[in-house]
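In case you want the letters, here they are:
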Amino acid sequence: MTFSDIIGQEETAARLRSLADDGHLPHAIMLCGPDGCGKMAMAIALATHLLNKGTYQVRGISHPDLHFTFPTIKLKKWNSEYKPVSDDFIEQWSEMLQDGPYFSLSQWMQAMGAENQQAIITVGEASDVIRRMMMKSNQGGWKINIIWLPERMNLECANKMLKLIEEPPAQTLFIMVCREPEQLLETIRSRVQRYDMKRIPDEAMEQALTDKRGLNNDDARRIARVAGGNWLAALEELNAAGENKLFFDYFVTLMRQAYIKDLRELKRWSESAAAMGREQQRRLMAYFLRMLREAFMYNFHNEALSYMTADEERFCTKFARFIHEGNVIGFQNLFQRATRDIGQNANAKIVFFDMTMQVAVLIHTT
């Protein structure tokens, strides 16, 4: 990962590179910004830039003077006194980073096999960091510790890390990748240099989608607008394309059968939707709410307000007129109520059949 590999963020990249080249880089920095803006990518790019000046070049994320600290969970096989450390999950961490530096906490929890645990950075990790950073550099240059989500340090760990940050060894760099900086100890925040990264510009997002993912210009533009500067959201849109196509078909079928009031087909539709798992049903309803909004906004004929795929937009050219001021709130309340009922484990067949009957009424409301 180099600075040129980061999506957007040229301003922050140029500033950090300049500080590194001029020898003015502080010993502890904190990268903040919205989800999916590339904070971890920036941290790895900076570390790569510094370490590649030595004789041992960084290969991927592998370098003897590059270390990672991140939240962990306690596995059942460990006794109650054991304090998990990052090295316990370094294999899973390395595999995830090899897939790219853009990932979420939920993805990391899944990679660790977490159930209902809360991931934290323990005092055991602080002891490991101190030991590593006090050792002599393998290449005689920088020793770098990237701390992902430092706000996840428990109090004992944070206090122990504070002492190291206050008096770090020579040529030691701490790069904190922070999601909720307000949750970090004020004493630590006051001792690091903070850099705030912004959402990825739509233009940079579109370019990355065409260059890295092979999308055509129209699809890239649509996904970039939906993602809202969040590369993780853009990837989720790509990964969800198959499911969203399924949801689109469900939406189209429901609206068409409701319009002609085909009770037999509506019953069949409700039984099919009821056969889905609860979480998928909730995602279905979230999709319905989005399509409701898009159909309503389509009536204003303002492209800047539209966030639809090509198929969705083609459908809305004829369908949008059926979603208007007289029924849009009714539709919204109906879909939200169905979502709530599903979340409360109501009988899905009853929930969906009742919903289809209400849709048949609302779609004819003038």
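Just so you know, these numbers come straight off a predicted model, no measurement behind them.

### Quick look at the sheet that holds strand β3 (residues 143-148)
Then, number 1: With parallel pairing, five strands are arranged side by side in an open sheet as β2-β3-β4-β1-β5. Sheet topology places β2 (66-69) and β5 (193-196) at the edges, where each strand pairs with a single neighbour. When strand polarity is set aside, the average angle formed by the axes of neighbouring strands in this sheet is 20°.
Then, number 2: On the sheet, helix α5 (residues 123-134) packs against β2, β3 and β4 (172-177) and is oriented at approximately 170° with respect to β2.

### Describing the environment of leucine 50
Then, number 1: Here leucine 50 shows up in helix α2 (residues 39-51).
Then, number 2: Judged by relative accessible area, leucine 50 falls into the buried class, the value being 4%.
Then, number 3: Taking C-alpha positions, leucine 50 is 24 Å from glutamate 91, a pair spaced 41 residues apart along the chain.
Then, number 4: In contact with leucine 50, other than residues within four places in its own chain, are Ala20, Leu25, Trp142, Ile144 and Leu173.

### Some details on the side chain of histidine 324
Then, number 1: By the secondary structure assignment, histidine 324 is in the loop between α14 (310-319) and α15 (328-343).
Then, number 2: Owing to a relative accessible area of 17%, histidine 324 belongs among the buried residues under this scheme.
Then, number 3: Of the polar contacts made by the side chain of histidine 324, one reaches the backbone oxygen of threonine 365; its length is 2.8 Å.
Then, number 4: Those residues in contact with histidine 324, other than ones at most four positions away along the chain, are Phe296, Thr365 and Thr366.

### Quick look at α14
Count 3.6 residues to each turn of an α-helix, and residues three or four apart come out pointing the same way.
Then, number 1: Taken together, the buried positions of α14 are Glu312, Phe315, Cys316 and Phe319. The buried residues of α14 occupy an angular sector of 100° when the element is viewed end-on, so they sit on one face. In α14, the exposed residues that point more than 90 degrees away from the buried face are Arg314 and Lys318.

### A look at the pairing of β3
In regular strands, side chains alternate between the two faces of the sheet.
Then, number 1: Burial analysis of β3 places six of its six residues in the buried class, the great majority of the element.
Then, number 2: Neither face of β3 is open: one carries Lys143, Asn145 and Ile147, the other Ile144, Ile146 and Trp148, and all of them are buried.
Then, number 3: Of the pairings in the sheet, the one linking β2 to β3 comprises four bridges and is parallel in character. Within β3, the residue paired with histidine 67 across the bridge is asparagine 145.
Then, number 4: Assessed by its sense of winding, the connection that carries the chain from β3 through helix α6 (residues 155-166) to β4 is right-handed.

### A look at the packing of helix α8 (residues 202-213) against helix α10 (residues 231-239)
How two helices sit against one another is set out by the angle between their axes and by the gap between those axes.
Then, number 1: Put simply, α8 and α10 touch, their axes get as near as 11 Å, and they point 50° apart. Considered as vectors, α8 and α10 are oriented oblique to each other. The handedness of the crossing between α8 and α10 comes out as right-handed. Each of Met205, Ala208, Leu209 and Arg213 in α8 lies in contact with α10, whose residues at this interface are Trp231, Ala234, Leu235 and Leu238.

### Some thoughts on the nonpolar core
Generally speaking, soluble globular proteins have nonpolar side chains that are buried together.
Then, number 1: Core analysis: the largest hydrophobic core is formed by 60 residues, its most contacted members being Leu46, Trp93, Ile146, Trp148 and Trp231.
Then, number 2: For this core, the element with the most residues is α2, which contributes ten residues.
Then, number 3: With residues near it in sequence (within four places) discarded, tryptophan 93 still touches Met40, Phe68, Phe70, Phe103, Trp108 and Trp148.
Then, number 4: Within the second largest apolar cluster, 43 residues are counted, among which are Phe248, Phe319, Phe335 and Phe352.

About the thresholds
- Residues numbered from 1 in each chain as written.
- Predicted model: local features only at pLDDT ≥ 70, side-chain atom pairs only at ≥ 80, totals over all residues.
- Heavy atoms only, no water.
- Pairing = 2+ DSSP bridges.
- Helix = DSSP H or I, 4+ residues; strand = E, 2+ residues; numbered from the N terminus.
- Axes fitted to C-alpha atoms, helices over the stretch in contact; angles between N-to-C directions.
- Contact = heavy atoms within 4.5 Å.
- Buried < 20%, exposed > 50% of the residue type's maximum accessible area, 1.4 Å probe, protein only.
- Polar contact = N/O pair within 3.5 Å; in protein donor to acceptor, adjacent residues only side chain to side chain.
- Arc of directions from axis to C-beta.
- Right-handed = clockwise from strand over helix to strand, strands pointing away.
- Parallel < 35°, antiparallel > 145°, perpendicular 65-115°, else oblique.
- Left-handed = near helix turned anticlockwise from the far one by under 90°.
- Core = buried A, V, L, I, M, F, W, Y, C linked by side-chain atoms within 4.5 Å.

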